[in-house]
Amino acid sequence: AQSVTQLGSHVSVSEGALVLLRCNYSSSVPPYLFWYVQYPNQGLQLLLKYTSAATLVKGINDFEAEFKKSETSFHLTKPSAHMSDAAEYFCAVDLRGAGSYQLTFGKGTKLSVIP
Amino acid sequence: NAGVTQTPKFQVLKTGQSMTLQCAQDMNHNSMYWYRQDPGMGLRLIYYSASEGTTDKGEVPNGYNVSRLNKREFSLRLESAAPSQTSVYFCASSRGTGVNTGELFFGEGSRLTVL
């Protein structure tokens with residue numbers, strides 16, 4: 001059973017437009033949630049994380065995500081896309097409760113930014 | 001700032017050959033992980049080590065072995081490589097405690113091709 005679902009394997013936006021990358025999870029315990037970014041030929045880097053404090057989480061490079069328990073969602077947004085945002089983005093969830101040492105990653109969404 | 005260092009970066013093997021991927025981190029992290037990344041599959045956990053002296057299976061451990069040599073180093077061994085193990089392998093580390101568990105620091109990856 002898939003525990004993390006990212007809607008859309010590829011998203012294209014125009015430079016300056018809103019970025020919205022969708023992530024839904026399924027969990028029977030309060031999850032910790034993460035967004036990672038991968039630039040070409042590099043490892044993943046943490047963008048932001050939700051660990052049961054504020055539901056609106058701000059990360060690096062003006063990205064933010066909102067935890068919505070009722071919708072089991074943790075969508076990533078950025079008000080204005082920049083060419084440098086072109087990368088692959090992964091949502092991840094710690095499904096076994098805090099401190100379980102195991103993250104489950106979504107399949108990723110590749111973001112293209114059109115000049 | 002070295003962070004997480006993986007060697008080799010590229011390797012081509014023939015079916016049945018063995019090899020070891022090396023990983024070292026200089027951040028004094030407790031936990032270390034090996035993931036594989038395949039197109040459209042996201043990242044899947046192979047093995048992890050929550051702390052020095054312990055290792056546990058992840059989602060896809062078959063065909064692999066690991067050794068946590070000391071706190072810094074965590075190696076991944078393929079005893080008899082198969083074409084299905086063609087992938088990009090990522091080593092990661094984390095402080096491994098509480099809210100920091102999911103903050104993974106990744107190496108740049110090792111691209112393995114098995115012919």
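Scroll up for the structure.
Definitions and cut-offs
Residues numbered from 1 in each chain as written. Chains lettered and ligands numbered in written order. Predicted model: local features only at pLDDT ≥ 70, side-chain atom pairs only at ≥ 80, totals over all residues. Heavy atoms only, no water. Helix = DSSP H or I, 4+ residues; strand = E, 2+ residues; numbered from the N terminus. Pairing = 2+ DSSP bridges. Axes fitted to C-alpha atoms, helices over the stretch in contact; angles between N-to-C directions. Phe/Tyr/Trp six-rings, centres within 6.5 Å; stacked < 30°, edge-to-face > 60°. Buried < 20%, exposed > 50% of the residue type's maximum accessible area, 1.4 Å probe, protein only. Contact = heavy atoms within 4.5 Å. Salt bridge = Lys/Arg side-chain N within 4 Å of Asp/Glu carboxyl O. Polar contact = N/O pair within 3.5 Å; in protein donor to acceptor, adjacent residues only side chain to side chain. Nonpolar A, V, L, I, M, F, W, Y, C, P; charged D, E, K, R; others polar.

Draft legend 1. Highlighting the environment of I114 of chain A. One can find I114 of chain A in strand β11 (residues 109-114). Between the C-alpha atom of I114 of chain A and that of E15 of chain A, which follows or precedes it by 99 residues, the distance is 5.7 Å.

Draft legend 2. How the structure looks around the sheet that holds strand β1 (residues 4-7) of chain B. Residue and element names in this part refer to chain B. A sheet is described by the order of its strands in space; here four strands give the open sequence β1-β3-β8-β7, paired in antiparallel fashion. The open sheet terminates on both sides in strands that have one partner only, identified here as β1 and β7 (64-68). Adjacent strand axes in the sheet meet at a mean angle of 15 degrees, parallel and antiparallel pairs treated alike. Sheet topology places β7 next to strand β8 (residues 74-78); five bridges connect them, and they run antiparallel. Bridge pairing in β8 links S67 to S75.

Draft legend 3. Just unusual backbone geometry, in detail. For the peptide bond that leads from T7 of chain B to P8 of chain B, omega is -5 degrees, which places it in the cis range. If you trace the backbone, P8 of chain B turns up in the loop between β1 and β2 (10-13). Phi at D62 of chain A is positive, roughly 65 degrees, even though this residue is not glycine. With respect to the element layout, D62 of chain A can be found in the loop between β6 (56-58) and β7 (64-68).

Draft legend 4. Inspection of the packing of aromatic side chains at higher detail. Using the criterion set out here, one finds 14 aromatic pairs over all chains in the structure. Here the aromatic rings of Y50 of chain A and F74 of chain A are separated by 6.3 Å at their centres, their planes lie at 50 degrees, and the arrangement is tilted. Linking Y50 of chain A in strand β5 (residues 44-50) with F74 of chain A in strand β8 (residues 73-78), this pair joins segments that are 24 residues apart in sequence. The residues Y50 of chain A and F74 of chain A share a single accessibility class, namely buried. Between F105 of chain A and Y35 of chain B, the aromatic rings sit 5.4 Å apart at their centres with planes inclined by 90 degrees, giving edge-to-face as the arrangement. Of this pair, F105 of chain A sits in strand β10 (residues 104-105) while Y35 of chain B is found in strand β4 (residues 31-38), placing the two residues in two different chains. One exposure class covers both F105 of chain A and Y35 of chain B, and it is buried. Taken together through their ring pairs, the aromatic side chains of F34, Y36 and F105 of chain A together with Y33, Y35, Y48, F90 and F106 of chain B make up a single cluster.

Draft legend 5. Structural detail: the interface of chain B and chain A. Every contact between the two is made by 25 residues of chain B and, on the other side, 21 residues of chain A. Between the two partners, chain B and chain A, sit one salt bridge. One salt bridge in this structure joins K49 of chain A and E103 of chain B, with 2.0 Å as the shortest N-O distance. There are three residue pairs in polar contact (both at pLDDT 80 or more) connecting chain B and chain A. Put simply, the parts of the chain that give the side of chain B that touches chain A at least two residues each are β4 and β5 (42-49) of chain B. Its residues assigned to classes, the side of chain B that touches chain A comprises 11 nonpolar, 10 polar and four charged.

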